[in-house]
Amino acid sequence: MEGSNLKSAALLEQLRVHLASGDDKELVEKIGFVYQLNISPKRIGVDEEVFVVDLKKGVVSKGPYEGNPDATFSFTDDDFLAISSGKLNPQMAFIMGKLKIKGSISAAQKFTPDIFPKPSKL
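Residues numbered from 1 in each chain as written. Predicted model: local features only at pLDDT ≥ 70, side-chain atom pairs only at ≥ 80, totals over all residues. Heavy atoms only, no water.

### Considering the sheet that holds strand E4 (residues 71-76)
Strand order in the open sheet made by the 5 strands is E3-E2-E1-E4-E5, with mixed pairing throughout. With partners counted over all chains shown, the strands left at the sheet margins are strand E3 (59-62) and strand E5 (100-103), one partner each. Ignoring which end each strand starts from, the neighbouring axes of this sheet average 20 degrees apart. Summarising the sheet, strand E2 (residues 49-54) and E3 pair through 4 bridges and their orientation is antiparallel. When the sheet's bridge partners are listed, Phe51 is paired in E3 with Lys62. With respect to the sheet, helix H1 (residues 8-20) is in contact with strand E1 (34-40), E2 and E3, its orientation differing from that of E3 by roughly 145 degrees. (Pairing = 2+ DSSP bridges. Helix = DSSP H or I, 4+ residues; strand = E, 2+ residues; numbered from the N terminus. Axes fitted to C-alpha atoms, helices over the stretch in contact; angles between N-to-C directions. Contact = heavy atoms within 4.5 Å.)

### Some remarks on the packing of aromatic side chains
Inspection of every chain in the model, using the stated rule, returns 8 aromatic pairs. A centroid spacing of 4.7 Å and a plane angle of 55 degrees characterise the contact between Tyr35 and Phe111, whose relative ring orientation is tilted. Note that Tyr35 is positioned in strand E1 and Phe111 in the segment after helix H5 (105-109), a separation of 76 residues in sequence. Note on accessibility: Tyr35 and Phe111 belong to one class, buried. An aromatic cluster is defined as three or more aromatic residues linked by ring pairs; in this entry it consists of Phe33, Tyr35, Phe73, Phe75, Phe80, Phe111 and Phe116. (Phe/Tyr/Trp six-rings, centres within 6.5 Å; stacked < 30°, edge-to-face > 60°. Buried < 20%, exposed > 50% of the residue type's maximum accessible area, 1.4 Å probe, protein only.)

### Some thoughts on helix H3 (residues 77-84)
For H3, the tally of buried residues reaches 6 of 8 residues, placing the bulk of the element in the interior. Those residues of H3 not exposed but buried are Asp77, Asp79, Phe80, Ala82, Ile83 and Ser84. In this structure, the buried residues of H3 make contact with H1, E1, E4 and helix H4 (90-95). One or two steps after H3, the chain reaches Gly86, where phi turns positive at roughly 90 degrees.

### Focus: the UniProt feature "domain: SCP2" (unreviewed entry) in the chain
Per the UniProt record, the feature "domain: SCP2" (unreviewed entry) sits at residues 13-112. The distance from the first to the last C-alpha atom of residues 13-112 is 17 Å, and the span holds 34% helix and 27% strand. (UniProt positions renumbered as here; feature names shortened; annotations may be inferred.)

### A short note on a nonpolar patch on the surface
Residues Met92, Phe94, Ile95 and Met96 make up a contiguous nonpolar surface patch of about 420 Å² in total accessible area. Examined against the element boundaries, Phe94 turns out to sit in helix H4. (Patch = residues over 30% accessible without salt bridge, like charges linked within 9 Å, V, L, I, M, F, W, Y side chains within 5 Å. Areas by Shrake-Rupley, 256 points an atom, 1.4 Å probe, with all protein chains shown as cover. Salt bridge = Lys/Arg side-chain N within 4 Å of Asp/Glu carboxyl O.)

### With respect to the side chain of Ser74
Along the chain, the position of Ser74 falls in strand E4. The exposure class of Ser74 is buried, given its relative accessible area of 13%. Engagement of the side chain of Ser74 in a polar contact is seen with the side chain of Asn38, the distance being 3.5 Å. Dropping the residues within four chain positions of it, Ser74 is found in contact with Asn38, Ile44, Lys98, Leu99 and Lys100. (Polar contact = N/O pair within 3.5 Å; in protein donor to acceptor, adjacent residues only side chain to side chain.)

This is the structure we're talking about:
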């Protein structure tokens, strides 16, 4: 994602390209929710960058969602990377205060590391 200093932006760009390729249509059909990600460099809520993962349309974009997303997540850059890679359990992150959720909890529970494309093994 252009203009971002976050490490997470590279992962979100990979997801954007992956979804645009149409390789994972069943992901959009299976999940069908819109997620807004508020990602901060160091502390939740401070200097955050906003991204939208729209799994109704299969699109990833930078900037707030126009309307109400199904779920909004707030976390730091490092915690987002840990959750998306499966190194940090999302439920534990929530309990430890490393992840804040607004909106539908049932939609939030479908936002798992499985959404993100796996790095190719060379």
